[in-house]
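# Structure at a glance
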Amino acid sequence: MPFFDLLRLAFRNLREAKLRATLTSMGVIVGVAVIVTMVSFGLGLQRNMLSRFRALDLFNEMRVFGKNVFSMAAAGGNQNAARRGENPNDRRGPSFRPDKEPTRILDDAAIAEISKIPGVAYVEPSLSIITYVRANGHSQIESIGGASVPNASSRFKEFKAGQMISSPDADEAVVKDTFARDFGFEKPEDAVGKTIEFLATPSGDIAKEKAKSEKSKSKDEEEAPGFFGLPLDQVSPAENGSGELAAKTFRIVGVINTEIKEGAGQGGLRGLLPDARIYITLKAAHEWSTEHRSPMGMVALALARQSGGLGQTEGEGYDSAVIRVTDPVVLTEVRRQLTEKGFGSFSIVDQLDQIRTVFLIIDSVLGLLGGISLLVASFGIANTMIMSILERTREIGIMKAIGAEDREIKLIFFFEAAVIGLSGGVIGSLAAWGIDAVANRLAYRFILKPQGASFVDFFYLPPYLWLGAISFALAVSILAALYPAARAARIDPVRALRHD
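### Looking at the pattern of salt bridges
Within the structure shown, the criterion is met by 16 salt bridges. Across the salt bridge formed by glutamate 197 and arginine 134, the nearest N and O atoms sit 2.8 Å from each other. Of the two residues, glutamate 197 sits in strand β7 (residues 195-200) while arginine 134 sits in strand β3 (residues 128-135), which places them 63 residues apart along the sequence. Residue class for glutamate 197 comes out partly exposed when judged on its relative accessible area of 22%. Among the ionic pairs, aspartate 169 bridges to lysine 283, the shortest N-O distance being 3.2 Å. Of this pair, aspartate 169 sits in the loop between β5 (159-162) and β6 (172-176) while lysine 283 sits in helix α10 (residues 282-291), and the two are 114 residues apart along the sequence. Connected via shared salt-bridge partners are Arg104, Glu113 and Lys341.

Here is the structure:
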């Protein structure tokens, strides 16, 4: 029997049992729609995450770590203690950890050496400070970062007002728009040109001069007589301290834009440079951190020199630096050379394999849940085919009596099942596309928009997904027709002709 005759006969048989065929197809439609919707949701989450990483410029950068004074200070103890040695000013977060413990100091010579590695576009040393800042009549503790000038980092590409620091020696600063708002500037433009002061207690020569002046007081300034040895005139806390503060002034030249925007980037922190609300030149940040070292930092430096981890004339270098590569493909080779040179490194690529594994599990679970509903639909197809055999027993007997072969009888039922599976798969995929579109709009209308967030496509429906779902529905339908087709082919034509 020709192919088109078989197809025409299958359509005729389905038309004669429209309600049954429609209900059977509904089972396939629901199964395919559930599979496509669930898997597209998992794929959408994965795509959104990778798009956000790409928009935040995380695939072209990595961080390199050297020995810091805190780890060297703990080097005299056990390995766990040395591993826990961390700079309190380092705000890299719990996930930004080197792949191996560094054995070299990351100083200027090491930065120049790393810059010569093939594939490295530039190296940005990172230096973080936490101190009191005064601006526009407000004073509070702020995080400050040192930045190379000029700077190619994507973090300094978008400004609400002003521009980047002009030169490596300039006493200038760029601040985040959140800093300008918190310090009372009505508009970002109002902050440009204003000054900010870094505050600290007097140190260095100022402290020494003050100590000399205290010792040079006249010896005849005896302590006033008191009652049983206790002085009668207590010095107030205000008089006990001079109240003087060492201040370094910087002029604000730019306000960085961190607002939420449309698209995958969504604003926020860009690149792997440590986060800060104020950025000054690397030179100024290094001078301030050296002159106004915290008590804990001074102890760590002394211990590092005593333990021999840091020479008496040797500088402590930087805790870390950001490396930007010309192409993400060279990340692996660059990291291999960093390891050979004795440095540790971190890249977001480290997490991608784990992330892909997690999403693979999620997609598999979601697909399995949808597959269960399609499996239930396959029983409906088998039931429809068996009922069709009972109703068409006499017809099958007539076809065999006039010369139809068993193979052709099977093909008729396979064609009927294939029509149900193909139509159910196509309509189910279209239904899933509609469900995805409606769910996106509802999520934006009732969840994202009230929170001020931009539109996010939570579902991703690539061609291979809906084509695979249609193929899967077609295969399941044909498999479900195996037994009914074999049963129809075994019908005895003599008995079939006697069937009423």
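### Some thoughts on the environment of leucine 43
The residue leucine 43 is located in helix α2 (residues 18-55) in this model. Separated by 319 residues in the primary sequence, leucine 43 and isoleucine 362 place their C-alpha atoms 9.3 Å from one another. Leaving out residues up to four positions away in the same chain, leucine 43 has contacts with Asp363, Tyr460, Pro462, Tyr464 and Leu465.

### Let's talk about the side chain of serine 429
Within the secondary structure, serine 429 is located in helix α15 (residues 406-448). What makes serine 429 buried here is its relative accessible area of 7%. A distance of 2.9 Å separates the side chain of serine 429 from the backbone oxygen of glycine 425, its partner in a polar contact. The residues touching serine 429, leaving out its near neighbours within four places in the chain, are Val32, Val36, Trp466 and Ile470.

### Some remarks on the nonpolar core
Counting residues in each nonpolar core, the largest one holds 41 residues, and the members touching the most others are Ile196 and Ile278. Here this core gets 4 residues from one element, more than from any other, and that element is α10. Look past the residues within four positions of isoleucine 278 in its chain and what remains in contact with it is Val133, Glu142, Ser143, Ile144, Gly145, Ala173, Val174, Val175, Phe179, Ile196 and Phe198. If you look at the next biggest cluster of nonpolar residues, it comprises 38 residues, including Leu14, Leu374, Ala473 and Ala485.

### A few points about the confidence of the model for the protein
Looking at the protein as a whole, its pLDDT mean stands at 78, while 82% of the residues score no less than 70. For the protein, helix α9 (residues 237-240) is the element with the lowest average pLDDT, namely 42, and β6 is the one with the highest, namely 93. Note on residues 77-85: pLDDT under 50 across the span, and 8 contacts to partners over four residues away in sequence or across chains. Note on residues 204-241: pLDDT is under 50 here. Beyond four places in sequence and across chains, it has 10 contacts.

### Notes on the sheet that holds strand β13 (residues 344-346)
The strand order β2-β12-β1-β13 describes an open sheet built from 4 strands, whose pairing is antiparallel. With partners counted over all chains shown, the strands left at the sheet margins are β2 (120-126) and β13, one partner each. Taking each pair of neighbouring strands and ignoring which way they run, the sheet shows an average axis angle of 25°. By the bridge criterion, 3 bridges tie strand β1 (residues 61-65) to β13 in an arrangement that is antiparallel. When the bridges of β13 are listed, arginine 63 appears paired with phenylalanine 346. Together, β1, β2 and β12 (320-325) form the strand contacts of helix α5 (residues 108-115), whose direction differs from that of β2 by roughly 160°.

### Concerning helix α17 (residues 482-489)
Turning to α17, its buried residues number three or more, namely Pro484, Ala485, Ala488 and Ala489. Projected down its long axis, α17 shows its buried positions confined to an angular sector of 135°, all on one face. Buried residues along α17 sit in contact with α13 (349-391), α14 (393-401), α15 and α16 (463-480).

### Brief notes about the packing of aromatic side chains
Per the counting criterion, the structure on display carries 6 aromatic pairs. Aromatic side chains phenylalanine 41 and phenylalanine 459 sit 5.5 Å apart centroid to centroid with 50° between the ring planes, which places their arrangement in the tilted category. Highlighted residues: phenylalanine 41 in helix α2 and phenylalanine 459 in the loop between α15 and α16, separated in sequence by 418 residues. The partly exposed category is assigned to phenylalanine 41, whose relative accessible area is 33%. Aromatic pair phenylalanine 156 and tyrosine 279: ring centres 5.0 Å apart, planes at 90°, arrangement edge-to-face. Note that phenylalanine 156 is positioned in the loop between β4 (138-147) and β5 and tyrosine 279 in strand β11 (residues 278-281), a separation of 123 residues in sequence. For phenylalanine 156, a relative accessible area of 6% gives the class buried. Ring pairs connect the aromatic residues Phe198, Phe250 and Trp288, which therefore count as one cluster. Here the basic side chain of lysine 248 rests over the ring of phenylalanine 250, its NZ or CZ set 5.9 Å away from the ring centre. Here the guanidinium or amino end of arginine 445 rests over the ring plane of phenylalanine 446, the centre of that ring lying 5.3 Å away.

Conventions and cut-offs
- Residues numbered from 1 in each chain as written.
- Predicted model: local features only at pLDDT ≥ 70, side-chain atom pairs only at ≥ 80, totals over all residues.
- Heavy atoms only, no water.
- Salt bridge = Lys/Arg side-chain N within 4 Å of Asp/Glu carboxyl O.
- Helix = DSSP H or I, 4+ residues; strand = E, 2+ residues; numbered from the N terminus.
- Buried < 20%, exposed > 50% of the residue type's maximum accessible area, 1.4 Å probe, protein only.
- Contact = heavy atoms within 4.5 Å.
- Polar contact = N/O pair within 3.5 Å; in protein donor to acceptor, adjacent residues only side chain to side chain.
- Core = buried A, V, L, I, M, F, W, Y, C linked by side-chain atoms within 4.5 Å.
- pLDDT = per-residue confidence, 0-100.
- Pairing = 2+ DSSP bridges.
- Axes fitted to C-alpha atoms, helices over the stretch in contact; angles between N-to-C directions.
- Arc of directions from axis to C-beta.
- Phe/Tyr/Trp six-rings, centres within 6.5 Å; stacked < 30°, edge-to-face > 60°.
- Lys NZ or Arg CZ within 6 Å of the ring centre and 35° of its normal.

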